[in-house]
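# Notes for the structure review
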Amino acid sequence: MIATNPLEIIVIGAGLIGPRHAEHVKKHPVAHLFGIIDPNPAAAEIASNLDTDYFPSISDLVQFCKTNELNLPDGAIVCTPNHTHVVISAELASYGIHLLVEKPLSSTPEQLAAIRDYAESKNVKLLVGHHRRFNPFIVETKKNIDKVGQLIALQGSWALKKPEDYFIKGLWRTDAKTGGGSLLINLVHDVDVLQYLIGPIERVYAEVLDKQRDHYPNADEGAVLTLRFKNGCCGTFICSDNVTSPFNFESGTGENPLIPFHDQLEGVYRIFGSKGTLSVPDLNLYHQPLEKEPSWNCPVERTPLVDNRFETLFSNMPFDLQLDHFVDVIRGKQEPSCSANDGMAALLCIEAIIKSIDTGLPQLVKQVDDIKPDFSCLGLEKLKNGSA
Ligand SMILES: NC(=O)c1ccc[n+]([C@@H]2O[C@H](COP(=O)([O-])OP(=O)(O)OC[C@H]3O[C@@H](n4cnc5c(N)ncnc54)[C@H](O)[C@@H]3O)[C@@H](O)[C@H]2O)c1
């Protein structure tokens, strides 16, 4: 058997999520953690605890590799504040380093189109970090969604309360200009999953929720939405990061170590169809006996889709599966399951939701193909002049 070298992966950003990615790289069978990049000197200790090298910047990494006659890493996982993703990704792409970029890939669709096209021009693979696509609860939902018959309606929520220190530790989260607010940070995940499961969203209407954190006037706390999908399915969705509630994806799936797991939670998403209703993450299918005409006179039965669902599902954590996929994408064995255009489709919905809030009117969601790239956002001039 021919042994293949491990893939070298660098993690950019050592805040809330970067070290979690780094832990997954460390325990991956064919990936190796090359180091951590973060300008905050406190990240040196995080790198040391992970037993890896620390670099304050991408230029420092490049210099280190030159000095030590090492190849640059094969791939990077970009885990920095939302508004920094594009410039950092462009610099990495300029060295041919493949990219897994946390969501949202950029703050605007025009910037997203620019990094998508630039990465392609450099033959750099680009995967967007909508890791819920790899969550076993979503994998099972996608596998079973046809059991509800024709998709008619959807009801969902992402509702919880963020603590104050979440904002104090990351001031970028307190301003929409730097990618803050629950729509850009959180709802974008649900929008991606719903489009992945149901299909493209065509029209949205949004009522913004009243603010309780008046000291952060520039970050939304959520909205109530109506959604119309292109296939005719319609939905309602509540997003709030400032209510007391377990009705959110993380509480129901236990996938985030910071958010306590509620093993009895049902109906975070309810997908209603002509023949049944699928409830997520409990993975119960509500249906009537096939031999009878469906009607309100007939009892609705509940059938669990997975036996021992927590044992089966917890053995497959989404970040590990996403990393397996990134490795395969780098090695050319798979195409990105969440491409730049998928990331763009989610971002375009968020843009339409924000416009609906601003205008008080329903909004059509723009098409990916209509977006013109804004290459000026990539900082390529600075890179050429060697001053990035
Ligand atoms: N997939 C998920 O479940 C998930 C969860 C949390 C966060 N995220 C996303 O991950 C990203 C990071 O979020 P976070 O909560 O970890 O943020 P954070 O503020 O906790 O951490 C960001 C880190 O990036 C560093 N940084 C800033 N500018 C940098 C630069 N130019 N180069 C290198 N490092 C830089 C900061 O010093 C900080 O340590 C965001 O895009 C967020 O939306 C995704």
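Residues numbered from 1 in each chain as written. Predicted model: local features only at pLDDT ≥ 70, side-chain atom pairs only at ≥ 80, totals over all residues. Heavy atoms only, no water.

By the naming in an unreviewed UniProt entry, the chain is Oxidoreductase, taken from Scheffersomyces spartinae.

### What to know about the packing of aromatic side chains
Condition: Centres within 6.5 Å are what make two rings of Phe, Tyr or Trp a pair, Trp counting through its six-membered ring; a difference in plane orientation under 30 degrees is then read as stacked, over 60 as edge-to-face, and the rest as tilted. Only DSSP runs of H or I covering at least 4 residues are called helices, and only runs of E covering at least 2 are called strands; the numbering of each starts at the N terminus. The classification of residues rests on relative accessible area computed with a 1.4 Å probe and restricted to protein chains. Under 20% of the type maximum is buried, over 50% is exposed, and intermediate values are partly exposed. In this scheme, Lys NZ or Arg CZ marks a charge over a ring once it lies within 6 Å of the ring centre and within 35 degrees of the ring normal.
Going through the model one piece at a time under the given rule, you end up with 7 aromatic pairs. Relative to Phe-55, the ring of Phe-34 has its centre 6.3 Å away and its plane inclined at 25°; by these criteria the two rings are stacked. Of the two residues, Phe-34 sits in strand E2 (residues 31-37) while Phe-55 sits in strand E3 (residues 53-55), which places them 21 residues apart along the sequence. Phe-34 gets classed as buried once you look at its relative accessible area, which sits at 10%. When the ring of Phe-55 is compared with that of Phe-64, the centres are 5.1 Å apart and the planes differ by 65°; the resulting orientation is edge-to-face. Using a relative accessible area of 3% as the deciding quantity, one classes Phe-55 as buried. Chaining the aromatic ring pairs together yields one cluster made of Phe-34, Phe-55 and Phe-64. Between Arg-20 and the ring centre of Phe-319, over which it is positioned, the NZ or CZ distance is 4.5 Å. The ring of Tyr-196 is capped by Lys-142, whose NZ or CZ atom sits 4.5 Å from the centre of that ring.

### Re helix H1 (residues 18-26)
Using the following cut-off: By the convention used here, residues are in contact when the closest approach between their heavy atoms is within 4.5 Å.
Buried within H1 we find Gly-18, Pro-19, His-21, Ala-22, His-24 and Val-25. Buried-residue contacts for H1 involve strand E1 (7-12), E2, helix H2 (43-49), strand E4 (75-78) and helix H11 (318-330).

### Concerning the sheet that holds E3
Worth spelling out the cut-off: The criterion for strand pairing is that DSSP finds at least two bridges linking the strands in question. Axis lines are fitted through C-alpha atoms, for helices just across the contact stretch, and the angle between N-to-C directions can take any value from 0 to 180 degrees.
Across the sheet, which stays open at both edges, the 6 strands sit in the order E3-E2-E1-E4-E5-E6 with parallel pairing between neighbours. Strands at the two margins of the open sheet, each flanked by one partner only, are E3 and strand E6 (126-128). Neighbour-to-neighbour, the strand axes of the sheet open up by a mean angle of 25°, direction not taken into account. The pairing of E4 with strand E5 (residues 98-101) spans 4 bridges and is classified as parallel. Bridging from a neighbouring strand, Gly-75 pairs with His-98 of E5. Set on the sheet, H1 makes contact with E1, E2 and E4; between it and E2 the angle comes to about 155°.

### Some points on the site of the ligand
What counts, and what does not: The cutoff for a nearby residue is simple: one of its non-hydrogen atoms must lie within 4 Å of the molecule or strand. We define a polar contact as two N or O atoms separated by no more than 3.5 Å, with the added condition that, inside protein, one atom must be a possible hydrogen donor and the other a possible acceptor, whereas residues neighbouring each other in sequence contribute only through side-chain atom pairs. Only the protein chains shown count as cover for residues, and all accessible areas are computed by the Shrake-Rupley method using a 1.4 Å probe. Residue type decides the class: Asp, Glu, Lys and Arg count as charged, Ala, Val, Leu, Ile, Met, Phe, Trp, Tyr, Cys and Pro as nonpolar, and the leftover types, Gly among them, as polar.
Around the ligand there are 23 residues in total, and Leu-16, Asp-38, Asn-82, Trp-172 and Arg-173 lie nearest to it. Here an oxygen atom of the ligand sits 2.8 Å away from a polar atom, N or O, in the main chain of Leu-16. Here the ligand loses 82% of its free accessible area of 850 Å² to cover by the protein chains. Tallied by class, the residues present in the shell around the ligand amount to 10 nonpolar, 9 polar and 4 charged.

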